[in-house]
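Observations on the three-dimensional arrangement
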Amino acid sequence: MIRYGLRCARGHEFEAWFRSAEDYDRASAVDENQCPQCGSHQVEKALMTPAVGGTAKGVTVKTKPPTIKLASGDPRQKAMRAALKELRHKVIENADYVGDRFAEEARKIHYEEAEPRGIYGEATPEDAREMSEEGIEFHPLPELPEDGN
């Protein structure tokens, strides 16, 4: 999986994950990439800084701490947050929680070893990459800041 920083024509910056650089190029060629803030399909890669953890001699390079993007109370953003919260609520209400067995259960359903049903739970990044490579459809469950409070 590759994470790209993206920017729309209106200057909104966001991140998206792709299986490969070719997947990004394919999605870009058919205007599948879309800004989550304004819906624009005019999206391009933004300049990203690589994460540097250290050097061969063990000297740690300090990187600038991550910043949090904030926005004022735009009614469209409030509506989007409400929709994401509702989506999360509907998934939790109508799907089975399988915890850290998510990848295992998703594979059983995908390979028709178990009855199809909605599930949610946790998976490692490696599990997510492998499921994506196997063609198993899944989506991250939206998390909002207030969910952690």
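In what follows, the structure referred to is the one given above.
A short tour of the structure in this document, coming up. (Residues numbered from 1 in each chain as written. Predicted model: local features only at pLDDT ≥ 70, side-chain atom pairs only at ≥ 80, totals over all residues. Heavy atoms only, no water.)

A look at the packing of aromatic side chains
The condition that has to hold: The aromatic pairing rule takes the rings of Phe, Tyr and Trp, using the six-membered ring of Trp, and pairs them if the centres are within 6.5 Å, calling planes under 30 degrees apart stacked, those over 60 edge-to-face and the rest tilted. Comment: elements are numbered from the N terminus, with helices defined as DSSP H or I runs of at least four residues and strands as E runs of at least two. To sort residues, take the accessible area from a 1.4 Å probe on protein chains only and compare it with the maximum for the residue type: under 20% means buried, over 50% means exposed, and anything in between is partly exposed.
Summed over all chains, the structure comprises 4 aromatic pairs. Their ring planes at 50° and their centres at 5.9 Å tell us that Tyr4 and Phe18 sit as a pair that is tilted. Placement of the pair is Tyr4 in strand β1 (residues 2-8) and Phe18 in strand β2 (residues 13-18), with a sequence separation of 14 residues. Pair check on accessibility: Tyr4 and Phe18 agree, each one buried. Look at Phe18 and Tyr24: their rings are 5.2 Å apart centre to centre, the planes differ by 85°, and that puts the pair in the edge-to-face class. In this structure Tyr24 comes out as buried when scored by relative accessible area, which is 6%. Joined through ring pairs, the aromatic side chains of Tyr4, Phe18 and Tyr24 make up one cluster.

Comments concerning the nonpolar core
Definition in use: We define the nonpolar core as a collection of buried residues of types Ala, Val, Leu, Ile, Met, Phe, Trp, Tyr and Cys that are connected through side-chain atoms lying within 4.5 Å of one another. Contacts were defined at the residue level, with two residues in contact if any of their heavy atoms lie within 4.5 Å.
Residues Tyr4, Leu6, Cys8, Phe14, Ala16, Phe18, Tyr24, Ala27, Cys35 and Val43 constitute the largest nonpolar core, which totals 10 residues. Contributions of two or more residues to this core are made by β1, β2 and α1 (21-29). If near-sequence neighbours (up to four positions away) are discounted, Phe18 is found in contact with Met1, Ile2, Tyr4, Leu6, Asp23, Tyr24, Ala27 and Asn33. Judged by nonpolar contacts, the second largest core, of 8 residues, contains Phe102, Ala103, Ile119 and Ile136.

A word on the sheet that holds strand β3 (residues 43-45)
The strands that make up a sheet pair up through hydrogen bonds in the backbone, lying either parallel or antiparallel. Definition in use: Only when DSSP finds a minimum of two bridges between them are two strands counted as paired. Comment: axis = line fitted to C-alpha atoms, over the contacting stretch for helices; angle = value between 0 and 180 degrees taken between N-to-C directions.
On the basis of which strands lie adjacent, the open sheet formed by 3 strands has the order β2-β1-β3 and antiparallel pairing. At either end of the open sheet lies a strand with only one pairing partner, and these are β2 and β3. For this sheet, the mean angle separating the axes of adjacent strands, direction not counted, is 40°. Pairing of β1 with β2 involves 6 bridges; the strand directions are antiparallel. Paired with Tyr4 across the two strands is Ala16, which belongs to β2. Strands β1, β2 and β3 of the sheet are contacted by α1, whose axis makes an angle of about 25° with β1.

What about unusual backbone geometry?
For Asp31, which is not glycine, the phi dihedral falls at a positive 55°. Note that Asp31 resides in the loop between α1 and β3. Positive phi values are uncommon outside glycine, yet Glu112 reaches one of about 55°. Tracing the sequence through the fold places Glu112 in the loop between α3 (102-110) and β5 (119-121). A relative accessible area of 72% places Glu112 in the exposed class.

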